[in-house]
Number of protein chains: 2
Amino acid sequence: MDSAALLDLLGNENRRRILRLLAHKPCYVTEISEYLDVSPKAVIDHLRKLEEAGIIESRTDSQRRKYFHISRNLRLEVNVSPYEFGTKSAYPRNRALDVTTWRYLSLDIHASRDGDDSQSLAAELRELERLENELSMAQRWVQGRLTDVLDRLTDELEATENSRLYADVLLELAERPRGTDAISDAVDAPPGMVEQVLAEMAEEGLVSRVEDGWTLVE
Amino acid sequence: MDSAALLDLLGNENRRRILRLLAHKPCYVTEISEYLDVSPKAVIDHLRKLEEAGIIESRTDSQRRKYFHISRNLRLEVNVSPYEFGTKSAYPRNRALDVTTWRYLSLDIHASRDGDDSQSLAAELRELERLENELSMAQRWVQGRLTDVLDRLTDELEATENSRLYADVLLELAERPRGTDAISDAVDAPPGMVEQVLAEMAEEGLVSRVEDGWTLVE
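Owing to the predicted nature of the structure, the values given are computational and were not obtained by experimental measurement.

(A) Up close: the overall build of chain A. In terms of regular secondary structure, chain A is built from 8 helices and 7 strands. When the 218 residues of chain A are sorted by exposure, 54% land in the buried category. Residue pairs in contact within chain A that sit at least 24 positions apart in sequence constitute 45% of those at least 6 positions apart. A total accessible area of about 9,700 Å² is found for chain A, and carbon and sulfur atoms account for 46% of it.

(B) Region of the structure containing the interface of chain A and chain B. On the side of chain B, 107 residues touch chain A, which itself brings 107 residues to the contact. Between chain A and chain B lies a buried interface of about 10,800 Å² when both sides are counted; carbon and sulfur atoms form 56% of it. For the pair chain A and chain B, the number of links is 8 salt bridges. With a shortest N-O distance of 3.6 Å, Glu124 of chain B and Arg152 of chain A are connected by a salt bridge. The tally of links from chain A across to chain B stands at 29 residue pairs in polar contact (both at pLDDT 80 or more). Ranked by residue count, the leading element in the side of chain A that touches chain B is helix H5 (residues 118-156) of chain A, at 34 residues. Residues of the side of chain A that touches chain B, tallied by class, amount to 52 nonpolar, 20 polar and 35 charged. The pairing of strand E3 (residues 74-81) of chain A with strand E3 (residues 74-81) of chain B spans 7 bridges and is antiparallel. Bridge assignment links Val80 of chain A to a residue of E3 of chain B, and that residue is Leu74 of chain B.

(C) Examining the packing of helix H7 (residues 180-187) of chain A against helix H8 (residues 191-203) of chain A more closely. Residue and element names in this part refer to chain A. Running from N to C, H7 and H8 point in directions that differ by 110 degrees, and their axes come no closer than 9 Å. In this view, H7 runs roughly perpendicular relative to H8, as classed from their interaxial angle. In this structure, H7 meets H8 at a crossing whose hand is right-handed. Seen from H7, the contacting residues are Thr180, Asp181, Ile183, Ser184 and Val187; seen from H8, they are Pro191, Val194, Glu195 and Leu198. Split into classes, the residues belonging to the contact of H7 with H8 amount to 5 nonpolar, 2 polar and 2 charged.

(D) Examining the relation of the copies chain A and chain B more closely. At an RMSD of 0.0 Å, chain A and chain B line up after a rotation of 180 degrees and a shift of 0.0 Å along the axis. Overall, the copies show the geometry of a two-fold rotation axis. Relative to the rotation axis, the C-alpha of Gly11 of chain A is the closest in chain A, positioned 2.0 Å from it. Both copies present the same face, since 100% of the interface residues in chain A are matched by interface residues at the equivalent positions in chain B.

(E) The pattern of salt bridges, seen in detail. Residues and elements named next belong to chain B. Counted under the stated rule, the structure contains 24 salt bridges over all chains. As a salt-bridge pair, Arg152 and Asp148 come within 3.3 Å of each other at their nearest N and O atoms. Here Arg152 and its partner Asp148 are both found in helix H5 (residues 118-156), 4 residues apart, which amounts to about one turn of the helix. Accessibility expressed as a relative area gives 15% for Arg152, which makes it buried. Residue Asp148 is classed as partly exposed on the basis of its relative accessible area, which comes to 22%.

(F) How the structure looks around the environment of Ala4 of chain B. Residue placement: Ala4 of chain B occurs in helix H1 (residues 3-10). Here Ala4 of chain B falls in the partly exposed class, since its relative accessible area comes to 27%. Sequence separation between Ala4 of chain B and Arg178 of chain B is 174 residues, and the spatial gap between their C-alpha atoms is 25 Å. In contact with Ala4 of chain B, other than residues within four places in its own chain, are Glu13 and Arg16 of chain A.

(G) Focus on H8 of chain A. Residue and element names in this part refer to chain A. For H8, which comprises 13 residues, the first-to-last C-alpha distance of 18 Å matches the rise-based estimate of 18 Å (1.5 Å per residue) to within 8%. What H8 keeps buried is the set Val194, Val197, Leu198 and Met201. Projected down its long axis, H8 shows its buried positions confined to an angular sector of 100 degrees, all on one face. Among the exposed residues of H8, those oriented more than 90 degrees off its buried face are Gly192 and Glu203. Where H8 ends, the next residue or the one after it, Gly205, has phi of about 75 degrees, a positive value.

(H) Representation of the packing of aromatic side chains. Residues and elements named next belong to chain A. Taken as a whole, this structure holds 2 aromatic pairs over all chains when the rule is applied. Where Tyr28 meets Tyr67, the ring centres are 5.3 Å apart and the plane angle is 85 degrees; that geometry is what we call edge-to-face. Here the residue Tyr28 occupies a position in the loop between helix H2 (13-22) and helix H3 (29-36), and Tyr67 occupies one in strand E2 (residues 66-70), the gap between them amounting to 39 residues.

(I) Examining unusual backbone geometry more closely. In this structure, Asp37 of chain A takes a positive phi of about 55 degrees despite not being glycine. For Asp37 of chain A, a relative accessible area of 71% translates into the label exposed.

(J) Structural detail: the pairing of E3 of chain A. All names here are of chain A. Burial within E3 is extensive, with 8 of its 8 residues counted as buried. Residues of E3 alternate between two faces, with Leu74, Leu76, Val78 and Val80 on one and Arg75, Glu77, Asn79 and Ser81 on the opposite face, all of them buried. For E3 and strand E4 (residues 84-90), the ladder comprises 7 bridges, and the chain directions are antiparallel. Note that in E4 the partner of Leu76 across the bridge is Ser89.

What counts as what
- Residues numbered from 1 in each chain as written.
- Chains lettered and ligands numbered in written order.
- Predicted model: local features only at pLDDT ≥ 70, side-chain atom pairs only at ≥ 80, totals over all residues.
- Heavy atoms only, no water.
- Helix = DSSP H or I, 4+ residues; strand = E, 2+ residues; numbered from the N terminus.
- Buried < 20%, exposed > 50% of the residue type's maximum accessible area, 1.4 Å probe, protein only.
- Contact = heavy atoms within 4.5 Å.
- Areas by Shrake-Rupley, 256 points an atom, 1.4 Å probe, with all protein chains shown as cover.
- Buried area = accessible area lost by both parts, 1.4 Å probe.
- Salt bridge = Lys/Arg side-chain N within 4 Å of Asp/Glu carboxyl O.
- Polar contact = N/O pair within 3.5 Å; in protein donor to acceptor, adjacent residues only side chain to side chain.
- Nonpolar A, V, L, I, M, F, W, Y, C, P; charged D, E, K, R; others polar.
- Pairing = 2+ DSSP bridges.
- Axes fitted to C-alpha atoms, helices over the stretch in contact; angles between N-to-C directions.
- Parallel < 35°, antiparallel > 145°, perpendicular 65-115°, else oblique.
- Left-handed = near helix turned anticlockwise from the far one by under 90°.
- Least-squares fit on C-alpha atoms with pLDDT ≥ 70 in both.
- Expected span 1.5 Å × (residues − 1).
- Arc of directions from axis to C-beta.
- Phe/Tyr/Trp six-rings, centres within 6.5 Å; stacked < 30°, edge-to-face > 60°.

Below, the structure written as structure tokens:
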């Protein structure tokens, strides 16, 4: 699902409390209502929204009680900085993903040992938890570095009222070469203004024209 | 700021649109209102909330126009899985952070080259952007692996209606040894139930008592 829909759903405290609860064990409406002290009517409404979004599902037990549980694995990341408001939501990658082919990143985990007894699974669990914390810290470090570089870059380009737009355009081109219109869409600025910025950056030797638009100069 | 407050703020489409706009360039109310086709009154209300949260700030220019810009660097992560509803918000780490001391993770970037001309800054920018993408992918992979391990673990422990609670308790202990009450708070389950689960897991040789509570067995 897209980040916007997910943020709308998670923007409600009681929906967050329901998800926190269901992450511990499947529950039925009365349980949730009593546990969270929220009216059954409101609980049902929240559950419906979460179910429609595919985040939760329900199954009915032998006593015809309808238990709800989280059915979806997903991850949302939001970066806020003077240069960026970025939201990204994604599903987890399965283990088939080759984690050895990254260019800037290498993981040193033994978690592939695949022991299936409780103890090695628990050890694997702890290892993955720690790796997850390190990855978070690394991402925060990268975000700090990015802002730092963009600060230096806008100084370098002499801060004009366009300096942020400079940075935005560079960020877009940093991902891959793009045409003016694509950049203009991506940065929400009129094509004319983007063309002008690109021309200035080309003079600086920062970017150059390529067949399909513009690219950063190596 | 805490994740809940941040999610409440970001749960509004127009506030997200305002942040996206301000990430490109500082704007004043009329600009925002026209650009987003939202009434000035509503824009002012959103800006106030964002300003109170310390996410944006304003400065007044020579023509006494009040420009708003994003003043805060922050990052929000949300993980949703059958075993977890986790939200984490944090500020970026500055470059002083030693990125070489991680146990499971190593970064291979030359971005420390510190060239200060536009071109090397742009190259550094691109490198950091790519690293950021790899880190996201790695985290999605880890989340997938975690769920996979927890699935296997709950099979191993014979799925009972408590199996999710087993997993929750293990996840808590995976971070560090904890006392029963701390675990009970963390997993939102009654201490008595947690004690029982811990006792069962101790029999399995999964956890053991330590001075300050319980720990995972290596």
